[in-house]
2 protein chains.
Amino acid sequence: MSGFPVFASRRVRSTPFSARIEASGLSAYTVYNHMLLPASFASLEEDCAHLKRAVQIWDVAAERQVQIKGRDARKLAVMMSARDLTKAVPGKGYYTPICMANGGMLNDPIALCIADDLFWFSIADSDMLLWAAGLAHAYQLEVEISEPDVSPLAIQGPLANQVMAEVFGEAVTALKFFAFDYFTWRGHKLMIARSGWSKQGGFEIYLHDSTLGLQLWDDIWEAGKEYDMRAGCPNLIERIEGGLLSYGNDMTREDTPLECGLEKFCQLESGHEFIGKQALLNQREAGLKKRIMGVHIHGDKIAPITKIAPCTIQGQTCGFVTSAVYSPDFDLNLGLAMLASEQAENGRQIEVEIDGQRRPAMICELPFKKGK
Amino acid sequence: MSGFPVFASRRVRSTPFSARIEASGLSAYTVYNHMLLPASFASLEEDCAHLKRAVQIWDVAAERQVQIKGRDARKLAVMMSARDLTKAVPGKGYYTPICMANGGMLNDPIALCIADDLFWFSIADSDMLLWAAGLAHAYQLEVEISEPDVSPLAIQGPLANQVMAEVFGEAVTALKFFAFDYFTWRGHKLMIARSGWSKQGGFEIYLHDSTLGLQLWDDIWEAGKEYDMRAGCPNLIERIEGGLLSYGNDMTREDTPLECGLEKFCQLESGHEFIGKQALLNQREAGLKKRIMGVHIHGDKIAPITKIAPCTIQGQTCGFVTSAVYSPDFDLNLGLAMLASEQAENGRQIEVEIDGQRRPAMICELPFKKGK
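Rules used throughout
- Residues numbered from 1 in each chain as written.
- Chains lettered and ligands numbered in written order.
- Predicted model: local features only at pLDDT ≥ 70, side-chain atom pairs only at ≥ 80, totals over all residues.
- Axes fitted to C-alpha atoms, helices over the stretch in contact; angles between N-to-C directions.
- Helix = DSSP H or I, 4+ residues; strand = E, 2+ residues; numbered from the N terminus.
- Parallel < 35°, antiparallel > 145°, perpendicular 65-115°, else oblique.
- Left-handed = near helix turned anticlockwise from the far one by under 90°.
- Contact = placed C-beta atoms within 7 Å.
- Nonpolar A, V, L, I, M, F, W, Y, C, P; charged D, E, K, R; others polar.
- Domains from an automatic or database assignment.
- Buried ≥ 20, exposed ≤ 12 C-beta atoms within 10 Å, placed from the backbone.
- Arc of directions from axis to C-beta.

Draft legend 1. Broad picture of the packing of helix H5 (residues 160-168) of chain A against helix H6 (residues 213-224) of chain A. Residue and element names in this part refer to chain A. H6 packs onto H5 with a crossing angle of 125 degrees between their chain directions and a minimal axis gap of 9 Å. One element, H5, and the other, H6, form an angle in the oblique class. Once H5 is placed against H6, the crossing between them reads as right-handed. Two secondary-structure elements touch here, H5 through Val163, Glu166 and Val167 and H6 through Asp219, Ile220, Ala223 and Gly224.

Draft legend 2. Representation of unusual backbone geometry. Residue and element names in this part refer to chain A. Going from Leu366 to Pro367, the amide bond is cis rather than trans, its omega being -10 degrees. In this model, Arg186 sits at a positive phi of 50 degrees, which is unusual for a non-glycine residue. Along the chain, the position of Arg186 falls in the loop between strand E12 (180-185) and strand E13 (188-193).

Draft legend 3. Quick look at the packing of helix H4 (residues 128-138) of chain A against helix H4 (residues 128-138) of chain B. It is at 7 Å that the axes of H4(A) and H4(B) come closest, and there the two elements cross at 25 degrees. Classified by the angle between their axes, H4(A) and H4(B) sit roughly parallel to one another. In the packing of H4(A) onto H4(B), the handedness of the crossing is right-handed. Contacts between H4(A) and H4(B) involve A:Met128, A:Leu130, A:Trp131, A:Ala133, A:Gly134, A:Leu135 and A:Ala138 on the former and, on the latter, B:Met128, B:Leu130, B:Trp131, B:Ala133, B:Gly134, B:Leu135 and B:Ala138. Across the contact of H4(A) with H4(B), the residue classes break down as 12 nonpolar, 2 polar and no charged.

Draft legend 4. Spotlight on the domain arrangement of chain A. All names here are of chain A. Domain annotation of chain A identifies domain 1 (18-63 + 150-239) and domain 2 (289-372). With 4 residues of domain 1 at the interface, the matching set in domain 2 holds 4 residues. Among the elements of the structure, helix H2 (44-53) and helix H7 (236-241) are those that each provide at least two residues to the side of domain 1 that touches domain 2. The class makeup of the residues in the side of domain 1 that touches domain 2 is 3 nonpolar, no polar and 1 charged.

Draft legend 5. Summary view of helix H2 (residues 44-53) of chain B. All names here are of chain B. Burial in H2 covers these residues: Leu44, Asp47, Cys48 and Leu51. Projected down its long axis, H2 shows its buried positions confined to an angular sector of 100 degrees, all on one face. Where H2 is buried, its residues contact strand E2 (35-40), strand E3 (56-59), strand E11 (151-156), strand E15 (230-232), helix H7 (236-241) and strand E18 (316-327).

Take a look at the structure:
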C-alpha cells in the first residue's frame, strides 16, 4: 500500500454507496474505471477469512456498464467478443475476452444480453466504451453507446442466499450461475444476477438509479445483521487462491486470452467472426510462447507486490509474477505469473525477485490446490 | 480528500519517479491513466504559492503517450483531431480536442508530431488508445498503435529556465511555447518541450527509458537546490485560477469543445475532415445550449468539491459546478461551471449547493481576473 490518501473528484468518482462503506471500516481504496473501489477493510487476511465463512456487501459500482443499444447491437457485441454471442439470450451473462486484431486483450467483461437489441458489457478496468464507439463509427453501425447510471452492488459469501432471500424473496435464490432476472424492491424493478468476483458464491445487484443507493444498502445491511454481514470488497488473497485473473494486473493488451488460460471462453470453432480471431487461430497453430501459471514463493510472508516481479531459472529470465500475496489458508506466498511456455511446467523450481530479494519458488497449475 | 490510502499494483502503476516523490513530502495521490499521479504535497495553498514564486519538479508520468506509427499515421491523427494536423511539423506540439461523432469529447491531448509517420498523443485521463485502435482496425489503416515507455517529468514555475539551463545547457531556454527538441543528458538524447499543466511556464521532459528516472530526478534536484525547488504537481488552485480545464472533471463525453470554450482549437474552416466535425458545425449553427463559465462562490472558504455541485437561479436548475476551490490570491472560492447558455452571463447571480448548503454565487468570464 502506498500509504498516501487518494483525492476524490468528479474524475475519480465516488459511488452511490461511498458514504456507507467509508463508515463501515474501509481502510484502503483503489481506482477502477475512473471510480473509487474499496480495496481493504480490517485487513486483507481478516477480510478473506470472513468472506469465506459469512457474507459481505461490496460496493462494486466501479464495474461500469457499456451499453450498446439499437438495431446493430448484437452485430457489434458479436464482433467484439471471443465468446460466441450470436445466440446469446436475454437473462444470461457471458464472461468474454475482448481482443484487438493482434489477439491482445483490452478487457474481459461479462456481456449481459438484456434484450435482442440491448447488451451491457460489465467491464474490467479499461475504457472499452471507446473501442466500441470507434468500431461503431467506422463501420457505420446503427447503435447508441453509453454508460448508463448503473451501479452494481455485490453480496458475496456462503450466507449470501439467506440475506438476499430476506430482502428480495426466496425466488432470488433460484437464479442459476451467471443468470439474471428482475426482482421488486420498494416498488422498483432491480436486475439481479448470480455472479461476483469471488469463488464464495453470491449475487450482483445492478442498481439502475444512483439516488436509491443508500436505501438499498441500508435494507440489505439490516437483513445481514443476523448473518454477521460486513462491508467487504474483492479480496486479493481470495482471488489469487481461486485463480481469478485481474485485467490490468495479470493480463494486459500484451497478452492473448490463450496465454491467460481463457481458451474455453474463446469459441474459435463456432464459426462466428470476431476481432482477433485470426490472430488467436494463428497463435494456437504456432503454439504459445508464454502462459499464465501459479507460483509458490518460498521464504517469509510477503506484502502484496505492487509491480511485476522478475522470474529466472538459473539466472535466465523466464517471465514475471503479476500478482502475489501471502495466503494464510495455504500458509504460503501465492503468485500468478506469466512465464515462457517452455519453462511453464508444474513443479519446476524458479527464482522470483521481490524488492531486490531473490526467493526460491515453484511453478504450479491454476487454480491452486492445497497440499500440492 | 477521502483520507483513505490507495493501493499501488501493476494495474494502478507507480512511476519511474515514485520513490523520490514519496520521499519529498507527498501528501496525496490521484490516479490518472491507470497510474499514480501526485495530488498534493505541503498543502494545496502552500504548493500553489511556492509554484508561483519558485520552481517545482513534477512527476507527470501519468501523461501517457499514444504512439501512432506507420504510413497512415498522419491520416489517423488528422481524422481524430479537431485541430488541423494536416500540416503539423516535427518539433511542434498541438493541443487538440478529440471528439466522438456526436461532438462529445473523449480526450484533449497534446499531439506531438515526432516525424512524418510518427505521432504521439500526450493524453488526458481516458484510454484514447482504444479509440485510435478501433478506428485503425475498422478503416484498415497501416499503423501500429502502442503505449511507449515514455514518462514525462515537468519542471514548472518562474525559475524553470534557470534550473533547466543548468542541467541541459542554455539552449533549452530558447524553446518556444509548445515546441520541442532534443537535448543530450549523460549521453542520452532527451526530448524536451516548453509546455506543462500550469500557467507559470516551464518544460516537460519526455523520458524515454524508465530505468533512467531516478538519475534524471536526482540531477535536476541537485541543480534546483539554489532555486528553492520543491517536488510538486498540477495544482488545483492554480489551474482553476488560470481557467485550465481538466478532462473528466470539467469536460466529459457529454460536452463538446465548443461548450468548453475550446473553439479556437477546432479548425472548422480549414477544410480538414475529422470525426465530430459535422456535429460541431451543426451545434455552432444552432447555438450552444450550455457553456463553461467561472463562478465566484460566496461565503466561508470551501474544501475542494468532490462531485458536481448543482446551480440554480430562483430555484430553477441552470447547470452545475464541476471543480471548485478556495483561492488565497483572490480571497474567493472559485469554481468552473457548465451552465445553460441563456443564463451564462457575466455578473449574473446564482446559487450553488455544496454539501447540502446553498451559497450565493456570481457567474464570471474565464480566465478569472482579480478585482472583478
